[in-house]
Each structure stands twice: as structure tokens, then as C-alpha cells.
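The primary structure of each chain is shown beneath.
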Amino acid sequence: MTSDTIVSIFLGIGLAASVGFRVFLPLFALSLAAYFNIWELNENWQWVGSLATLITLGVATVVEIFAYFIPWVDNVLDSMAIPLAAIAGTAVMVSTVADLDPVITWSLAIIAGGGTATAIKGAGATSRLASTASTGGLANPIVSTVETGTALVVSVASIFAPIMAAVLVIVILIIVFRIYRKLRPRPKT
């Protein structure tokens, strides 16, 4: 395994984690990176760097970010975004991993990409439900701002410093699971 392959795996994991916070923002960041030749995508995924894809993902990103600031709409979006996060997390991983056998690439994409995105999105949805229940949705814009900011930071780090992004993902996963354990419903005894 070459260093380029390892770095591409870190990029994919970082973007997949970002997908767990915002589905379209990391895809838009990847499209921007490909469009401006900052990152080269796999041969079958070159279309992600096209102008049409860049514009489409840019519009989707703006709509998604603003929709999460509307109480109750954000909870509906979370329920739809969990399966989308799994798909998008897998897609960003497949599009970025270089020089691996297709079976390994897809296995890694499904497990590391889709799994990471789904775990973060699920924990985020749980925290938003807890926020809605405890504050009537008034604190949800704060949760949305933190999620969007985290998605932006991890996406940018993934593109420009993939190894640092992988470390950020580990830290984020630890924090997310600690929050999830505090917020999950306890079995009644």
C-alpha cells in the first residue's frame, strides 16, 4: 500500500465523518477540490468535479444548511438524512480511495465510509431530538451551527490535511458516543 493510498483513505474517512453532520457540504467540498484540481478523484468519479455537479451540490448545501435552522424541520431532515448519510459516506470513500482492489475499496467504503457517516448522523439525530424535547426546539439552531461548523472544519482538513482529519474524526467519534450514551433512553427497571 502506497502513501497516496493511505492518504486517500484518510481523506475518505474525514469526508465520510463530515457527511454525518451535513450530507451535502462534504460532497460540495470534494467537488470544489476536484474542480480546482486540488484533489484527483478516481477515474469513474471525475464527474464530481464538473461545473454542473459543483453548482448542484452548492445549491443543495445552502438549502440543507438553512433547513436545519428551522425547528421540527430539522428533525424530519435527520430522519431522511440517516440513510442518505450512509450512501454519501460510502460514495465519498469510493471516489477518493486510490490504488486498491475494487473489492477492498468497496468493503472499506461501506464499513469505514458509510459506517462512520451513519454513526455520527444517528448520534446527531439523537442529540437534536433531546434538544427539541428539552427546549422545545429553541436550542436546535445552536446544535445546527455546531454541526455545520464541524462539517466544514473536518471537510477542509480532510482535503488539505487528511491525516489531521483522521485524528479529528477519532476525537469526534469519542465525543459523539459519550454524548449519545448520556442522551439515550435508559431501560426502565
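Residues numbered from 1 in each chain as written. Predicted model: local features only at pLDDT ≥ 70, side-chain atom pairs only at ≥ 80, totals over all residues. Heavy atoms only, no water.

### Regarding the packing of helix 4 (residues 73-96) against helix 5 (residues 102-135)
- Remark: helix 4 packs on helix 5, axes separated minimally by 7 Å, with the N-to-C direction vectors making an angle of 160 degrees. By the angle between their directions, the pair helix 4 and helix 5 is classed as roughly antiparallel. Viewed along their axes, helix 4 and helix 5 form a crossing whose handedness is right-handed.
- For the contact of helix 4 with helix 5, the residue count by class is 14 nonpolar, 10 polar and four charged. (Axes fitted to C-alpha atoms, helices over the stretch in contact; angles between N-to-C directions. Helix = DSSP H or I, 4+ residues; strand = E, 2+ residues; numbered from the N terminus. Parallel < 35°, antiparallel > 145°, perpendicular 65-115°, else oblique. Left-handed = near helix turned anticlockwise from the far one by under 90°. Nonpolar A, V, L, I, M, F, W, Y, C, P; charged D, E, K, R; others polar.)

### Considering unusual backbone geometry
- Positive phi outside glycine occurs at Asn 37, with the angle close to 55 degrees.
- Residue placement: Asn 37 occurs in the loop between helix 2 (24-35) and helix 3 (51-67).
- Accessibility expressed as a relative area gives 70% for Asn 37, which makes it exposed.
- Here the phi dihedral of Asp 99 falls at roughly 60 degrees; this positive angle occurs in a residue that is not glycine.
- Note on placement: Asp 99 falls in the loop between helix 4 and helix 5. (Buried < 20%, exposed > 50% of the residue type's maximum accessible area, 1.4 Å probe, protein only.)

### Thoughts on the packing of aromatic side chains
- The final tally for this structure, using the stated rule, is two aromatic pairs.
- An angle of 90 degrees between the planes, with centres 5.1 Å apart, marks the rings of Tyr 35 and Phe 36 as edge-to-face.
- Phe 36 sits in the exposed class, given a relative accessible area of 54%.
- Across from the ring centre of Tyr 68, 3.9 Å away, lies the NZ or CZ of Arg 22, which sits over that ring. (Phe/Tyr/Trp six-rings, centres within 6.5 Å; stacked < 30°, edge-to-face > 60°. Lys NZ or Arg CZ within 6 Å of the ring centre and 35° of its normal.)

### Considerations on the nonpolar core
- Counting 42 residues, the largest nonpolar core has Ile 13, Phe 21, Leu 41, Val 92, Met 93 and Ile 172 as the members making the most contacts within it.
- Within the residue set of this core, elements represented by two or more residues are helix 1 (3-19), helix 2, helix 3, helix 4, helix 5, helix 6 (140-160) and helix 7 (162-183).
- Not counting residues up to four positions away in its chain, the partners in contact with Val 92 are Gly 12, Leu 15, Ala 16, Leu 27 and Leu 30. (Core = buried A, V, L, I, M, F, W, Y, C linked by side-chain atoms within 4.5 Å. Contact = heavy atoms within 4.5 Å.)

### Some details on the pattern of salt bridges
- Taken as a whole and assessed by the stated rule, the structure comprises five salt bridges.
- Here Arg 22 makes a salt bridge to Glu 147, at a shortest N to O gap of 3.1 Å. Of this pair, Arg 22 sits in the loop between helix 1 and helix 2 while Glu 147 sits in helix 6; the two residues are 125 residues apart in sequence, bridging distant segments of the chain. The pair formed by Arg 22 and Glu 147 is uniform in burial state, with each residue classed as buried.
- Residues Asp 74 and Arg 128 are paired through a salt bridge, measuring 3.7 Å at the closest nitrogen-oxygen approach. In this pair, Asp 74 sits in helix 4 while Arg 128 sits in helix 5, placing the two residues 54 residues apart along the sequence.
- What makes Asp 74 buried here is its relative accessible area of 0%. (Salt bridge = Lys/Arg side-chain N within 4 Å of Asp/Glu carboxyl O.)

### Considering the confidence of the model for the protein chain
- Here the protein chain averages 89 in pLDDT, while 98% of its residues score no lower than 70.
- Mean pLDDT per element in the protein chain: helix 7 is the minimum at 85, and helix 3 is the maximum at 96. (pLDDT = per-residue confidence, 0-100.)

### Digging into the environment of Ala 33
- Along the polypeptide, Ala 33 turns up in helix 2.
- Distance in space between the C-alpha atoms of Ala 33 and Leu 54 is 9.9 Å, their sequence separation being 21 residues.
- Excluding residues within four positions of it along the chain, Ala 33 makes contact with Ile 38, Trp 39 and Ile 159.

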